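Examining the three-dimensional arrangement
In case you want the letters, here they are:
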Amino acid sequence: MPVISYREALNQAMVEEMDRDPDVFIMGEEVGHYQGAYKVTQGLLQRFSERRVVDTPIAEMGFAGIGVGAAMVGLRPIIEFMTFNFSLVAIDQIVSNAAKIYQMSGGQFWVPIVFRGPSGPAVQVGSQHSQALESFYAHVPGLKVVMPSTAYDAKGLLKTAIRDDNPVVFMEGETLYGTTWEVPEDEYLLPLGKGDIKREGSHVTLVAWSKMVWTCLDAAKVLAEEGIEAEVVDPRTLRPLDTPLIVESVKKTGRCVIVEVGWPHAGFGAEVAYQVQQHALDFLDAPIERVCSDDVPMPYAKNLEIEVQPQVEDVIAAVKRALYLA
Amino acid sequence: MVAVQMQDDLRRVLDDEGKLLQGVKVPQLSEDTLGQIFDVMLMVRVMDDRMMRLQRQGRLGFYMKAIGEEASHFAVAPLRPTDWVFPSYREQGAWFWRGYTVTNFINQLFGNELDPVKGRQMPVHHTARDLNLVSISSPVGTQIPQAVGAAHAAKIMGKDDVAMTFFGEGTSSTGEFHVAMNFAGVYKAPVVFVCRNNGWAISVAANRQTAAKTFASKAVGYGMPGIRVDGNDVLAMIQVSTEAIDRARGGDGPTLIEALTYRVQGHSSSDDPSVYRDPHEPDAWEKRDPLNRFRTYLKHIGLWSEELEAGITERHNQAISDALAAADKLGPPPIESMFEEVYEEMPWHIAEQRDWLLRQARTKSPHAH
């Protein structure tokens, strides 16, 4: 099976869907002639022309709204944010419009749109470029929120997201574009709302998404050397959430550590913790642990930036607390 | 006092007395069409009057009148049914013109079981997909880039549809207005922007929204024509709109129309303008009342009589009374309907909330997510 990058997987997903459906088009800053700020749209302009690969003026509020309008009248826009940090400029269109138009119109209008782009901290880009905003979007009924961790998931989930009739917030890991995974040549789709066990284990459940899946897998390797088998559960979609998958894992292991790169206060991990205690309290052998970034805006200096974010050793320490080994 | 005065560049067809001006372009409208315009204008006037009275009686939660601004709604008149309208919340005439029924209008206000939007939106926030009238949004201005999106979508799909959007002069201060105008100019999108300059954004006068001499002048910066039109002159509205729609459909891009009009009464049923503006300010504008002017014009050309108007008014009143009587017999939307159409397919966690609610009437699920 070919091994390709997360970036190529996303690119393939868009090429295949744009080939399949003439109503799909992409719009955003630098998506055309520049081939994407992160080169995710490489080759699209040449293949699909300026009619369907639309470079925009610098105004997220504008092209998000244009996408919503185009979706309302029958197209299936993919709106690329250069980073999700800039989606905040467009949030009224996403939260108060895209997410609500189907409901507000009594089902008369729907908004089949994908807002996609990199999300979460990268490397030394400061507080305004390093935010993990999934908890914002996961809060909103009417949106679906997808956060793939691997190239395989990225491709299958993006294809499904483009075909979905609901607005989908598709948050890519900014540091994952170069990561590789086996991706089949034949077409496949992955359902939204279904998680995936990234590693099986019996002693503790690690719940993580996007970049933190990799951190958890690294931690699990180290723990395995000490005889601790961690199960890594990747919900892949935060809304709707595959609660049953997480709950079943915790019922098996009796311990749960939730790892997210976002801030702790009102972070999505708190919701996961609520669900676990609600559905699996009697199975828990220890309090649920959370590992998050520190509750501060991201600093620029490398040492500080590393210190703020969850690292492998933080996950290991949390697992040991959950196992009463610390 | 309102800063905006009548100026030379203002496009008009009728004078204040409803007489045709010399040497101006007049829209070519059949007698039937003229009659329909008058009919719909009267409908707006009668409906607004009846609904505001209901609101004052405590039978309706909220209402927004369009009195004095009805002519501006007829910018939609030259559109094709396949064109799209992205309205604001004060264009009742646009809805009736395109065929929105009195029954739907009233059921929406009451949010009852036959409300087309199923009790989910504030009064006057209508939707009619069958009439290409999109959902009205409460945050002002979000409809403007959406209209550009619909227009641009027509280009992508190779159709010659045009999109028209309405907003007040206050909304021209929003970022949405500026980004949408900019995109439309750059993409030459087939869109018509109709700015209803009614002098007041709730309590804030038009001269506190911009230091520009006119709102139409904002078009210059975005590379499109900006046209000022007497928004109380229905024939001028239709003429200017026809030109803008033709321009858009012909591939020459967008137009900003500033329709100069006046909000004779409050912003909404929750507003009392006497606390922030001279109570005599509306007097001058009432002399320019769009309905009176059009009525006088019709009279000049022999298309108006007292009996005719009385008949139309009676018919509208009867339709409203019938719709109200029918609405009185209707119940509220079914409780389970609030879980529907959040998503195209109901996710398990919403189904769980619905099932809980139906089992345990009026108690919340323990955060059933």
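What counts and what doesn't
- Residues numbered from 1 in each chain as written.
- Chains lettered and ligands numbered in written order.
- Predicted model: local features only at pLDDT ≥ 70, side-chain atom pairs only at ≥ 80, totals over all residues.
- Heavy atoms only, no water.
- Helix = DSSP H or I, 4+ residues; strand = E, 2+ residues; numbered from the N terminus.
- Buried < 20%, exposed > 50% of the residue type's maximum accessible area, 1.4 Å probe, protein only.
- Contact = heavy atoms within 4.5 Å.
- Areas by Shrake-Rupley, 256 points an atom, 1.4 Å probe, with all protein chains shown as cover.
- Lys, Arg positive; Asp, Glu negative; His and termini not counted.
- Charge placed at Lys NZ, Arg CZ, Asp CG, Glu CD.
- Pairing = 2+ DSSP bridges.
- Axes fitted to C-alpha atoms, helices over the stretch in contact; angles between N-to-C directions.
- Polar contact = N/O pair within 3.5 Å; in protein donor to acceptor, adjacent residues only side chain to side chain.
- Parallel < 35°, antiparallel > 145°, perpendicular 65-115°, else oblique.
- Left-handed = near helix turned anticlockwise from the far one by under 90°.
- Nonpolar A, V, L, I, M, F, W, Y, C, P; charged D, E, K, R; others polar.
- Domains from an automatic or database assignment.
- Buried area = accessible area lost by both parts, 1.4 Å probe.
- Salt bridge = Lys/Arg side-chain N within 4 Å of Asp/Glu carboxyl O.

Let us now look at the overall build of chain B. Scanning chain B from N- to C-terminus turns up 10 helices and seven strands. By principal-axis analysis of the C-alpha atoms, chain B measures approximately 70 × 50 × 40 Å. Looking at the 369 residues of chain B, the share that counts as buried comes to 59%. A separation threshold of at least 6 residues defines the contact pool for chain B, and within that pool the share at least 24 residues apart is 73%. A total of about 14,800 Å² of accessible surface is found on chain B, and carbon and sulfur atoms cover 51% of it. When the 39 basic and 47 acidic side-chain charges of chain B are each reduced to a single mean position, those positions are 3 Å apart.

All names here are of chain A. What the five strands build is an open sheet, ordered β9-β11-β10-β13-β14; its pairing is mixed. The sheet terminates laterally at β9 (196–199) and β14 (289–291), the two strands that pair on one side only. Averaged over all adjacent pairs, the angle separating strand axes in this sheet is 25°, with direction ignored. Both β9 and strand β11 (residues 230–234) contribute to a ladder of three bridges, which runs antiparallel. When the sheet's bridge partners are listed, Asp196 is paired in β11 with Asp234. Sheet contacts for helix α8 (residues 211–225): β9, β10 (204–208), β11 and β13 (256–259); angle to β11, the most-contacted strand, approximately 170°. Of the strands in this sheet, β10, β13 and β14 touch helix α10 (residues 268–280), which is tilted by about 160° from β13.

Okay, helix α3 (residues 102–110) of chain B next. Along α3 of chain B, the residues classified as buried are Val102, Phe105, Ile106, Asn107, Gln108 and Leu109 of chain B. Of the surrounding secondary structure, the elements contacted by the buried residues of α3 of chain B are α1 (31–56), α2 (92–97) and α9 (306–328) of chain B.

This next bit is on helix α8 (residues 290–300) of chain B. Residue and element names in this part refer to chain B. Regarding α8, the residues found buried are Pro290, Leu291, Arg293, Phe294, Arg295, Tyr297 and Leu298. Looking at the buried positions of α8, the neighbouring elements they touch are α1, β6 (226–230), α6 (234–249) and α9. Between a side-chain oxygen at the N-terminus of α8 and the backbone nitrogen of Leu291 the separation is 3.0 Å; the capping residue is Asp289.

Moving on, we come to the packing of helix α9 (residues 243–253) of chain A against α10 of chain A. Residues and elements named next belong to chain A. Axis separation between α9 and α10 bottoms out at 10 Å; the angle between their running directions is 60°. Taken together, the axes of α9 and α10 are oblique relative to one another. Like other packed secondary-structure pairs, α9 and α10 cross with a definite hand, here right-handed. Of α10, the residues touching α9 (which contributes Thr243, Ile246, Val247, Val250 and Lys251) are Val272, Gln275, Val276, His279 and Ala280. A class-by-class count of the residues in the contact of α9 with α10 yields six nonpolar, three polar and one charged.

Residue and element names in this part refer to chain A. If you check the domain split of chain A, you get domain 1 (3–182) and domain 2 (196–322). Listed per partner, the contact involves 34 residues of domain 1 and 27 residues of domain 2. Both sides together, the interface formed by domain 1 and domain 2 hides about 2,400 Å², and carbon and sulfur atoms give 58% of it. When the buried surface of domain 1 facing domain 2 is broken down by residue, Pro121, Gln124 and Met147 rank first, second and third, together holding 24% of it. When the shortest N-O distance is used, the salt bridge between Lys198 and Asp153 registers 2.6 Å. Inspection of the region where domain 1 meets domain 2 yields 14 residue pairs in polar contact (both at pLDDT 80 or more). When residues of the side of domain 1 that touches domain 2 are traced back to their parent elements, those giving at least two are α6 (134–138), β6 (144–146), α7 (151–163) and β8 (180–182). Per-element accounting of the side of domain 1 that touches domain 2 gives the leading share, four residues, to α6. A per-class count over the side of domain 1 that touches domain 2 returns 17 nonpolar, 14 polar and three charged.

Quick look at the pairing of strand β2 (residues 24–28) of chain A now. Residue and element names in this part refer to chain A. Most of β2 sits inside the fold, with five of its five residues counted as buried. Residues Val24, Ile26 and Gly28 point to one face of β2 and Phe25 and Met27 to the other, with burial holding for every one of them. Alignment of β2 against strand β4 (residues 76–80), held across five bridges, turns out to be parallel. Paired with Phe25 across the two strands is Pro77, which belongs to β4.

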